[in-house]
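# Examination of the molecular architecture
So you can see what is in the structure, the chains are spelled out below.
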Protein chains: 2
Amino acid sequence: MKEYFLKKAEENLPEIKKKEIVINVEPITLGVGDTYIIDLGNHHVGYFSFKMWYVDGYIDAPVRMAVRFCETNTEIDDDYSDYKGGLCASWLQEEIINVDFPGVYNMPRRYAARYIKISIISAPKACALSDFVFESVTSADVDKLIPFDIRDLKLEKIDKVAVNTLKNCMQRVFEDGPKRDRRLWIGDLRLEALANYYTFNNSEIVKRCLYLFAATERNDKGAIVSHLYENPIFVSGDWYISDYSLLYVCSLCDYYNHTGDEETFKDLYSVARSAMDAAENYKDDYGIVDGGAFIDWCPGLYNKTAFEGIYLYTLDLWCQTIKKLNYTEVDIYSKRLEEGRNIAFEMLFNKEKNAFINKFDENQYSVHSAVWMVLGGVVSGEDAKKILLNALDSEDSVKPKTPYMHHYVVDALITLGLIERAEEYIKYIWGGMVDDGADTFFEIYVPNNPDFSPYGDRKINSMCHAWSCTPTYFIRKYGLGYDL
Amino acid sequence: MKEYFLKKAEENLPEIKKKEIVINVEPITLGVGDTYIIDLGNHHVGYFSFKMWYVDGYIDAPVRMAVRFCETNTEIDDDYSDYKGGLCASWLQEEIINVDFPGVYNMPRRYAARYIKISIISAPKACALSDFVFESVTSADVDKLIPFDIRDLKLEKIDKVAVNTLKNCMQRVFEDGPKRDRRLWIGDLRLEALANYYTFNNSEIVKRCLYLFAATERNDKGAIVSHLYENPIFVSGDWYISDYSLLYVCSLCDYYNHTGDEETFKDLYSVARSAMDAAENYKDDYGIVDGGAFIDWCPGLYNKTAFEGIYLYTLDLWCQTIKKLNYTEVDIYSKRLEEGRNIAFEMLFNKEKNAFINKFDENQYSVHSAVWMVLGGVVSGEDAKKILLNALDSEDSVKPKTPYMHHYVVDALITLGLIERAEEYIKYIWGGMVDDGADTFFEIYVPNNPDFSPYGDRKINSMCHAWSCTPTYFIRKYGLGYDL
């Protein structure tokens, strides 16, 4: 089957569209120690070239320069020599190049940048740089962006940045971030696909990603691998993240519900069913799923309750979808869902505290637990609203750190009909990034703490991250900002 | 005329021959901090590629590495961070590269190396490097190397290294050094062409170089520019070195005398004549040429006498050559030569000291003066032998620093019939480099002072330098080492 899935993935390889951004055809004269900053005017992903020529006579030695690609202006003056993060320093987008000749120099790698900083390290004399060209690449067809009507200027701006984020992460697959990782993760795929349906509506790339995951290996519990690489060769990732495996099921259901592509659903049904059933192997003695979930990049978070919520949320979506397609197995899963919700409420809900604070999470109070219990359908109605809003408003609760988790907060608010609060939340989180000058939404965003990084150093954070692009999904799907 | 000369140069562009040297197909596993040294087995000029693959799972971040190309083993452990030379540090052959993917990585620039040192700076995990390929390039056709007979093993070894030096400097033009400068200088051209006639005998490349210089601008005295660039564009150098301008005349005469190519000589006659006549503009009130000569990279050398010798030497060769071709102007130049020799002897020879120690050189005693007075025909016979040998053997005389000047020492010895001493000198200088493990001859060589550099730092010295390749010319032309 692997070969078949890879063949289907190959058939759905999206076309990469290229657009040249030409900046400053006029030459800039630079000598040793000089620095020049190019502003592309927006965040782009692609390839950079420039022309080097001479000013005061032929440049008779190579010109050594550092070329740094910055997603935001904070990176321009960062000192990379003191980088102390846990992720590989080679993700810091800086090249030391030696340019041998007067002529056009094409940098060979792909970069993600709004700003390009060129610093001359060694040169025998001044050189003139000109014809800076950034070839922006994406598989999003910007000419096909679905038009929509919005009156709220803030949300309109947020939508624009969200669309740009998605565009720059849409390449051969839905990349998580074009600066760092550049790979396909299930958690990101799901959110990008949702945003994509309401913007560029490129179902080909979603289909491709679903087939790529189908071609990976399962772990001993039957779960799907969390991520994969496909260029230049296909390789399964080596991590199994239990909630991501479930989100593959959600992604396939979303795809079918959006496109009605029954053929693909049936092709991938057994893969999704394997992931759905794998969750049974994660259950503890109480019948609560446990272990190996991601939930959020949130240090110190206990996440068993949230994972149980994701399990139930997935089961619900799975039941609804296979019911539409008349799969008789729906009865098995509906039963599991009902039983699961009951067990979850019984074991995870703390009646005294009227919150999902329980021994499984070391009695930790978190927004994460509340959000996922709501989305998992363990509580509903006015009770649910109170539980969720209390968690959000409490000074004692652990708060989400990533826009990935913020997405599910908004999803839960909307699920409970708290539309105004959802708008407010979007404006607080994504609007905060816009206020900070974001061209694309960041991987990590903690209001009032711009230096927060789960990796030990802000410099390695990805500032255009796919999982942060979903405001456009909410705004467009639910018509947010239309009725002022 | 410029366009015509460039067209002729283009017509004589030599073919670049490529040969792949494959080293270690078996993978080497390297992690952060590890270093691996590849030995190409000989000095080569060309392009490097390798394959990067994974060992313990996919390498999920770029691998940042330093790749250093070393002409000799002394460079392997050099610390480039403390480079303090006057020439641009960008000539130090080290690249910092970021390799994104498993696959074959082709380094984009041309390098000169026997050793390649790879150091892993950042990587998420160990990587496997293999299939190291160095594509050696040269316009020398090694299959056409003229065979010859020699019995002296030392001279045979010297010849081999000289031929390798020439081969690696023969590219689109005669480069001075493939590591540094990589351009066409007249002084180097002349010596490379002489060595070439007795080895690869590629007259096309000599012709090309002569035409390229013809296309340059003259200075206000009518002299020819000392060097030029021709790739990717033709640009005249911006220095005028008065002895180099004269050596263009010698190079053209050598070319005609070797090839009998009258057409080319006549085509370039006016250019050479301009350079010959320009020397008149360098004469001082005494009739001695003065100013702007190179002679040798020898700190503190006073070089007026040597320059006068070069002038007379050139005039002599010019007269002999144009006489063969029946140019009537020969009478003008013969008269100049005779007068010049008389003035030089009168003004520059110190009878009391029986040496060319004079006020014009601040009474400095140098081998350079003696050599060029001999080659200029100012002295001859037993007197000349004594003058030259005294200068060579004196502890007080300034000695040559470069193999370029050593060439003319040998030339003077042979001119005076001092064949054994010439062999001895070759063995002392070039044999010394061979004893030091040279695969190619160095730009600078001072016995017992391997760190000498005219540029302030040995690290920038070129260790394969065209002007050092001439032992092969002497050995093969004069049959040195044949009769033991």
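Quick notes on the rules
Residues numbered from 1 in each chain as written. Chains lettered and ligands numbered in written order. Predicted model: local features only at pLDDT ≥ 70, side-chain atom pairs only at ≥ 80, totals over all residues. Heavy atoms only, no water. Least-squares fit on C-alpha atoms with pLDDT ≥ 70 in both. Contact = heavy atoms within 4.5 Å. Phe/Tyr/Trp six-rings, centres within 6.5 Å; stacked < 30°, edge-to-face > 60°. Helix = DSSP H or I, 4+ residues; strand = E, 2+ residues; numbered from the N terminus. Buried < 20%, exposed > 50% of the residue type's maximum accessible area, 1.4 Å probe, protein only. Lys NZ or Arg CZ within 6 Å of the ring centre and 35° of its normal. Pairing = 2+ DSSP bridges. Bend = angle between axes of the 7 residues up to and from the residue. Salt bridge = Lys/Arg side-chain N within 4 Å of Asp/Glu carboxyl O. Axes fitted to C-alpha atoms, helices over the stretch in contact; angles between N-to-C directions. Parallel < 35°, antiparallel > 145°, perpendicular 65-115°, else oblique. Left-handed = near helix turned anticlockwise from the far one by under 90°. Core = buried A, V, L, I, M, F, W, Y, C linked by side-chain atoms within 4.5 Å. pLDDT = per-residue confidence, 0-100. Nonpolar A, V, L, I, M, F, W, Y, C, P; charged D, E, K, R; others polar. Disulfide = S-S within 2.5 Å. Polar contact = N/O pair within 3.5 Å; in protein donor to acceptor, adjacent residues only side chain to side chain.

Let us look at the relation of the copies chain A and chain B. Structural alignment of chain A on chain B gives an RMSD of 0.1 Å, achieved by rotating through 180 degrees and translating 0.0 Å along the axis. Both copies of the chain, as the preceding transformation shows, are related through a two-fold rotation axis. Closest approach to the rotation axis within chain A is made by the C-alpha atom of Ile96(A), at a distance of 3.0 Å. Comparing interface residues between copies, 100% of those in chain A also lie at the interface in chain B; the contact surface is shared.

The next thing to look at is the packing of aromatic side chains. Enumeration according to the criterion identifies 82 aromatic pairs over all chains in this entry. Relative to Tyr333(B), the ring of Trp318(B) lies with its centre 5.9 Å away and its plane at 90 degrees, an arrangement referred to as edge-to-face. Of this pair, Trp318(B) sits in helix H7 (residues 304–324) while Tyr333(B) sits in helix H8 (residues 330–348), and the two are 15 residues apart along the sequence. With relative accessibility at 0%, the residue Trp318(B) sits in the buried group. By relative accessible area, which is 0% here, Tyr333(B) ends up buried. The ring centre of Tyr282(A) lies 4.3 Å from the NZ or CZ of Lys221(A), which sits over that ring. Positioned above the aromatic ring of Tyr80(B), the side-chain terminus of Arg68(B) is 3.6 Å from the ring centre.

Right, let's get into the sheet that holds strand S11 (residues 235–236) of chain B. All names here are of chain B. Strands sit in the order S9-S10-S11 across an open sheet of three strands; the sheet is antiparallel. Bordering the open sheet on either side are strand S9 (184–185) and S11, each of which pairs with just one other strand. Pairing of strand S10 (residues 227–229) with S11, which is carried by two bridges, proceeds in the antiparallel orientation. Residue pairing across strands places tyrosine 229 opposite valine 235, the latter belonging to S11.

Right, let's get into helix H12 (residues 419–435) of chain A. Residue and element names in this part refer to chain A. At isoleucine 429, H12 shows its maximal bend, which comes to roughly 30 degrees. Taken together, the buried positions of H12 are Ala422, Glu423, Tyr425, Ile426, Ile429, Trp430, Gly431, Gly432, Met433 and Val434. The elements touched by buried residues of H12 are helix H2 (153–169), helix H10 (381–393), helix H11 (403–415) and helix H13 (471–477). Downstream of H12 by a residue or two, glycine 437 has a phi angle that is positive, lying close to 90 degrees.

It is worth spelling out the pattern of salt bridges at this point. For the structure shown, the criterion picks out 76 salt bridges over all chains. One salt bridge in this structure joins Lys335(A) and Glu339(A), with 3.5 Å as the shortest N-O distance. Here Glu339(A) and Lys335(A) lie together in helix H8 (residues 330–348), a separation of four residues that amounts to about one turn. Judged by its relative accessible area of 52%, Lys335(A) is exposed. Judged by its relative accessible area of 40%, Glu339(A) falls in the partly exposed class. Between Asp277(B) and Arg273(B) there is a salt bridge; the shortest N-O distance is 3.8 Å. Linking Asp277(B) with Arg273(B), this pair stays in helix H6 (residues 262–278), spanning four residues, or about one helical turn. Taking the relative accessible area as the measure of exposure, Arg273(B) reaches 24% and is therefore partly exposed.

What follows deals with the packing of helix H9 (residues 367–375) of chain A against H10(A). Residue and element names in this part refer to chain A. Packing of H9 against H10 leaves a shortest axis separation of 8 Å and a crossing angle of 155 degrees. Put simply, H9 runs roughly antiparallel to H10. Like other packed secondary-structure pairs, H9 and H10 cross with a definite hand, here left-handed. Seen from H9, the contacting residues are Val367, Ala370, Val371 and Val374; seen from H10, they are Ala384, Ile387, Leu388, Ala391 and Leu392.

We now examine the nonpolar core. Residues and elements named next belong to chain B. Counting 133 residues, the largest nonpolar core has Phe174, Tyr248, Phe265, Trp318, Val371 and Trp372 as the members making the most contacts within it. A per-element tally of this core places H7 first, with eleven residues. Every residue in contact with phenylalanine 265, bar those within four places of it in the chain, is listed here: Leu252, Cys253, Tyr256, Trp318, Thr321, Ile322, Leu325 and Tyr327.

Another aspect to go through is the confidence of the model for chain A. Put simply, chain A has an average pLDDT of 96, and 100% of its residues get 70 or more. Scoring of the predicted complex yields 0.95 for pTM and 0.94 for ipTM.

With an omega dihedral of 5 degrees, the bond running from Asn231(A) to Pro232(A) counts as a cis peptide bond. One can find Pro232(A) in the loop between strand S10 (227–229) and strand S11 (235–236). The backbone of Asp181(A) shows a phi angle near 90 degrees, a positive value even though the residue is not glycine. The phi dihedral of Asn354(B) is positive, around 50 degrees, even though this residue is not glycine. Among the structural elements, Asn354(B) can be located in the loop between H8 and helix H9 (367–375).

Listed as interface residues are 33 residues of chain A and, on the opposing side, 33 residues of chain B. At the surface where chain A touches chain B, the tally comes to six salt bridges. The salt bridge partner of Asp60(A) is Arg183(B), with a shortest N-O separation of 3.1 Å. Among the elements of the structure, strand S3 (35–54), strand S4 (63–70) and strand S5 (94–99) of chain A are those that each provide at least two residues to the side of chain A that touches chain B. At four residues, S5(A) tops the list of elements feeding residues into the side of chain A that touches chain B. Grouping the constituent residues of the side of chain A that touches chain B by class yields 19 nonpolar, four polar and ten charged.

As a further point, take the state of the cysteines. Linking two cysteines covalently via their sulfur atoms produces the bond known as a disulfide. Residue and element names in this part refer to chain B. For the coordinates displayed, the defined rule picks out zero disulfides over all chains. Distance from the sulfur of cysteine 253, which forms no disulfide, to the nearest cysteine sulfur (cysteine 250) is 6.6 Å. On the basis of relative accessibility, which here comes to 0%, the residue cysteine 253 falls in the buried class. This cysteine, cysteine 464, is not joined by any disulfide, and cysteine 169 carries the nearest cysteine sulfur, 4.0 Å off. Of the residues examined, cysteine 464 reaches a relative accessible area of 0% and is grouped as buried.

Structurally, Asp316(A) is set in helix H7 (residues 304–324). Here Arg341(A) takes part through its side chain, which lies 2.9 Å from a polar atom of the side chain of Asp316(A).

This part takes up the sheet that holds S11(A). Residue and element names in this part refer to chain A. Here three strands make up an open sheet; going across it, the order is S9-S10-S11 and the pairing antiparallel. On the outer flanks of this sheet lie strand S9 (184–185) and S11, each paired with one strand and no other. Pairing of S9 with S10, which is carried by two bridges, proceeds in the antiparallel orientation. If you follow leucine 184 over to S10, its bridge partner there is leucine 228.

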